[in-house]
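Letter by letter, the chains look like this.
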Amino acid sequence: MADTDAFGLYSTNMGTQPYGLGIARANSPGTYAYSVIGDGQRPVTYVSWFDAARFSNWLHNGQPNTGSQTAGTTEQGAYALNGATSGVGFTKGVGSQYWIPSESEWYKAAYYQPAAAGGDADGYWLYPMQTNSVPYSDQPAGATPDNTRVGNFYADDGLANGYDDGYAVYTGGNALTPVGVYTSSDSYYGTFDQGGNVWEWNDAIISSSRGLRGGSWFSFEDSLPASGRGSVDPADEDV
C-alpha cells in the first residue's frame, strides 16, 4: 500500500517545507520508499483527518510493516473508510483498539485536574499546562521567569525580555519542538503540547468539518485555552 500511496497519505510538504520537515519520500509510484527526517521526535504534519483515521486502522490491525497487506489494512478497523477521501459520515466502530479522540476525550486529557489533586476549583484548567494564567511563548528552557507554563506558539508583548517576542522557536528552520521538551508544561495526565506546536484532530463533526484543538506554533494564545475550538474540512492537510 505505501509503495503506491493509493489514498494520498503522503504530502510532498512533509519533505519540502522547512518549518515542518518530517518524512522524505523517494522513487516513483509502485516503488515509493520513506525515511524520517531528523530524530523522529517531532509531530508529523500535513495530515488530514482521513490520514489520521487510516493510521488508526493500521494500528488497530497490528501495525503490519512487511508481508501481504490488503486495502483492509487501512480501510477497515476502527473506521470503515473503504476508499473514502471526503465526507464526515464515519464513526468509530465498536471494539476499536485505536481511534482519533472524541472532543470530550481530547478536552479532558488537556484541561482536567480534580480539585482534590491540586486542580482548579471546577476541576478544569483554562490552559493545557495545568494553569489559568496565560502561558509564555518561548523556547524550551528559555528565558521565561520560572520556565513553567511555556509553549510553542506565537506571542509578542513588545518587550525585550527574551520571551513573548514572536515565534517561540522558529528562526527560518524547523518550527516544531520534540515531544516532552517543555518538561514543566504537561497536563495532569502527562500529555505534552496540547497547547501549541501543531493543531490536533478530534472526532467532532461540526457541520461538514471535523474538529481541531490546541493551536500551533504560528497560532496566537487565544487558540490554546479551553474555549479555543476550531474545525476544517476533514480532507485538509496543513502544518
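Placed above this text is the structure.
Residues numbered from 1 in each chain as written. Predicted model: local features only at pLDDT ≥ 70, side-chain atom pairs only at ≥ 80, totals over all residues. Heavy atoms only, no water.

Focus on the nonpolar core
Then step 1. By size, the foremost hydrophobic cluster in this structure holds 12 residues: W49, F50, A52, A53, A78, Y79, L81, A84, F90, I100, W201 and L212.
Then step 2. Here the element with the most residues in this core is helix α2 (residues 49-60); it accounts for 4 residues.
Then step 3. Setting aside residues up to four positions removed in sequence, F50 forms contacts with L81, A84, T85, S86, G87, F90, P234 and A235. (Core = buried A, V, L, I, M, F, W, Y, C linked by side-chain atoms within 4.5 Å. Buried < 20%, exposed > 50% of the residue type's maximum accessible area, 1.4 Å probe, protein only. Helix = DSSP H or I, 4+ residues; strand = E, 2+ residues; numbered from the N terminus. Contact = heavy atoms within 4.5 Å.)

Comments concerning unusual backbone geometry
Then step 1. The phi dihedral of D5 is positive, around 50 degrees, even though this residue is not glycine.
Then step 2. The topology assignment puts D5 in the segment before α1 (13-16).
Then step 3. In this model, D193 sits at a positive phi of 60 degrees, which is unusual for a non-glycine residue.
Then step 4. Along the chain, D193 turns up in the loop between β6 (165-167) and β7 (200-206).
Then step 5. Taking relative accessible area as the criterion, D193 reaches 13% and is therefore assigned buried.

Focus: the side chain of S11
Then step 1. Mapped onto the fold, S11 is located in the segment before α1.
Then step 2. With residues up to four places along the chain from it excluded, the contact list for S11 reads Y46 and E237.

A few points about empty space enclosed by the protein
Then step 1. The final tally for this structure, using the stated rule, is 1 cavity of 30 Å³ or more.
Then step 2. Quantified by volume, the largest cavity comes out at close to 50 Å³.
Then step 3. Lining the largest cavity are P128, M129, V150, G151, Y182, S185, F192, D193, Q194 and G195.
Then step 4. Residue composition of the lining of the largest cavity, grouped by class: 5 nonpolar, 4 polar and 1 charged. (1 Å grid on protein atoms, 1.4 Å probe; cavity = no way out; pocket = protein on both sides within 12 Å on 5 of 7 lines; lining within 4 Å. Points joined across faces, edges and corners; volume = space filled by probe spheres on them. Nonpolar A, V, L, I, M, F, W, Y, C, P; charged D, E, K, R; others polar.)

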